[in-house]
Amino acid sequence: MNRTSFWLCLGMTLIPLGGTLSGQFQAAPGVSVQCFIEIPKDAPRSKVDPKVPDGVTPHENIVFGTGGGRELKLDLYTPSGEGPHAAVMLVHGGGWTGGNKEAFRSMAQQFAARGFVAATIEYRLATEAPFPGAVEDCKAALRWLRANAATYKIDPARIGAVGGSAGGHLAGMVATTSDPAQFEGSGGNADQSSALQAVVLMGAGVDQATRAQESPKPIDSQLKFFGGTYAEKKDVYVAASPITHVSARTPPMLFIEGEFDTPGERYIEMRKKLDALQVPNRLVIVQGGKHGCWGQNPWMMPMVEEIASFLKTHLAASAK
């Protein structure tokens, strides 16, 4: 049997499916790892080639709302079956200054192949709109999914989000600011909720204020997105940090990233808050991965499997 991952993750335990443990991952102080996914060293490295799987129907470049007076679009992939299906919104990275929705097409297609309605979305970059523009656009896309739930066989009570890097930051902001509602914007479908029932962050900065203070020099992408340095825009940096808004109403969170992406260190303080509030959360590390490994082989598919399992568990629970 050809396997990419040789580990089944269950709770706090690593269970070998074949062979013996070689080079167990060592977490940094304060990091609690729930799962380490082993990737064979000889697994081929390559870019992911988008290809719509059998049984998945694409609906690409759909206008979902407006941002700053212009149209914003998403790519939607629907699975076979009557539904209604749980849905997942994917948010691309790029330091808030680059990237596009097409970067997550392959991952969205794979989620659709696993029974989700999956949407990879566009948002205004920092070169066009400073914070909170991108957060508002993500929320507009989420409200559109609910407004069009019947058309695309979506269960509006079961919607999650996945974001990578800057997209993970934005997904975290959406997840933590729906109750009470903040940064909703005016992108459309104001009568719909922007609440998420589960969220997955990949290599995401959840505490932008601390990140800025610990950096030896100003971070260019922060300057562009937040409109100035931390000293000049302290209130913005704090408001733009998901950790600021964590509450008992925050949905379950999965943190998943590569072994060589300071794994788990970004989330230590946030996870302490989540634990204190009894919000389910989980950290998964993928062997050999660097920042952005979710868009490359051989890391994407094991990450898709882990994320899909997490979403199915928590989106199913939210529907009860």
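Small disclaimer: the values here were computed from a predicted structure and weren't measured.

### Thoughts on the packing of aromatic side chains
- A full pass over the atoms with the stated rule returns eleven aromatic pairs.
- A ring pair is formed by Phe 131 and Phe 226, whose centres lie 6.1 Å apart and whose planes are at 75°; its orientation type is edge-to-face. Of this pair, Phe 131 sits in the loop between strand E8 (117–121) and helix H2 (133–147) while Phe 226 sits in helix H5 (residues 220–226), and the two are 95 residues apart along the sequence.
- Owing to a relative accessible area of 13%, Phe 131 belongs among the buried residues under this scheme.
- An aromatic cluster is defined as three or more aromatic residues linked by ring pairs; in this entry it consists of Trp 96, Phe 131, Phe 183, Phe 225, Phe 226, Tyr 230 and Tyr 237.

### So, the pattern of salt bridges
- In this structure the tally under the stated criterion is 19 salt bridges.
- With a shortest N-O distance of 2.9 Å, Arg 124 and Asp 137 are connected by a salt bridge. Here Asp 137 lies in helix H2 and Arg 124 lies in the loop between E8 and H2, a separation of 13 residues in the sequence.
- Exposure remark for Arg 124: the relative accessible area of 10% places this residue in the buried category.
- Arg 282 serves as the salt-bridge partner of Glu 306, at 3.2 Å between the closest nitrogen and oxygen.

### A closer look at the environment of Thr 57
- For Thr 57, the location among the structural elements is in strand E5 (residues 57–67).
- Between the C-alpha atom of Thr 57 and that of Thr 78, which follows or precedes it by 21 residues, the distance is 5.2 Å.
- Apart from the residues within four sequence positions on either side, Thr 57 is in contact with Leu 76, Tyr 77 and Thr 78.

### Considerations on the side chain of Gln 109
- On the secondary structure map, Gln 109 appears in helix H1 (residues 105–113).
- Owing to a relative accessible area of 3%, Gln 109 belongs among the buried residues under this scheme.
- Once residues within four sequence positions are removed from consideration, Gln 109 is found in contact with Pro 50, Lys 51, Val 52, Pro 53, Val 56 and Tyr 77.

### Some remarks on the nonpolar core
- Counting residues in each nonpolar core, the largest one holds 62 residues, and the members touching the most others are Met 89 and Leu 170.
- If one sorts the elements of this core by residue count, H2 sits on top with eight residues.
- If we ignore the near neighbours within four places in the chain, the residues touching Met 89 are Ala 119, Ile 121, Cys 138, Ala 141, Leu 142, Leu 145, Gly 160, Ala 161 and Val 162.
- In terms of nonpolar packing, the next biggest core, distinct from the first, is built from 36 residues, Ile 39, Val 88, Trp 299 and Ala 308 among them.

### Here we look at the pairing of strand E12 (residues 281–286)
- In terms of residue burial, E12 counts as a mostly covered element, since six of its six residues are buried.
- Across three bridges, the pairing between strand E3 (residues 35–37) and E12 is parallel. Bridge assignment links Cys 35 to a residue of E12, and that residue is Val 284.
- With six bridges joining them, strand E11 (residues 253–258) and E12 adopt parallel strand pairing. What sits directly across from Met 253, in E12, is Asn 281.
- Handedness of the crossover joining E11 and E12 through helix H8 (residues 268–276): right-handed.

### Digging into the sheet that holds E8
- The nine strands lie next to each other as E3-E12-E11-E10-E9-E7-E8-E6-E5, forming an open sheet whose pairing is mixed. Strand pairing shows two members of the sheet lacking a second neighbour, E3 and E5, which therefore form its edges. The mean inter-strand angle of the sheet, taken between neighbouring strand axes irrespective of direction, is 20°.
- Across the sheet, H8 is in contact with E11 and E12; its angle to E12 comes to roughly 145°.

### Section: unusual backbone geometry
- Note the cis peptide between Phe 131 and Pro 132, where omega equals 10°.
- Along the chain, Asn 297 connects to Pro 298 via a cis peptide bond; the corresponding omega equals 10°.
- Of note, Ser 165 is a non-glycine position whose phi angle comes to about 60°, a positive value.
- Relative to the elements of secondary structure, Ser 165 occurs in the loop between strand E9 (154–164) and helix H3 (166–176).

Definitions and cut-offs
Residues numbered from 1 in each chain as written. Predicted model: local features only at pLDDT ≥ 70, side-chain atom pairs only at ≥ 80, totals over all residues. Heavy atoms only, no water. Phe/Tyr/Trp six-rings, centres within 6.5 Å; stacked < 30°, edge-to-face > 60°. Helix = DSSP H or I, 4+ residues; strand = E, 2+ residues; numbered from the N terminus. Buried < 20%, exposed > 50% of the residue type's maximum accessible area, 1.4 Å probe, protein only. Salt bridge = Lys/Arg side-chain N within 4 Å of Asp/Glu carboxyl O. Contact = heavy atoms within 4.5 Å. Core = buried A, V, L, I, M, F, W, Y, C linked by side-chain atoms within 4.5 Å. Pairing = 2+ DSSP bridges. Right-handed = clockwise from strand over helix to strand, strands pointing away. Axes fitted to C-alpha atoms, helices over the stretch in contact; angles between N-to-C directions.

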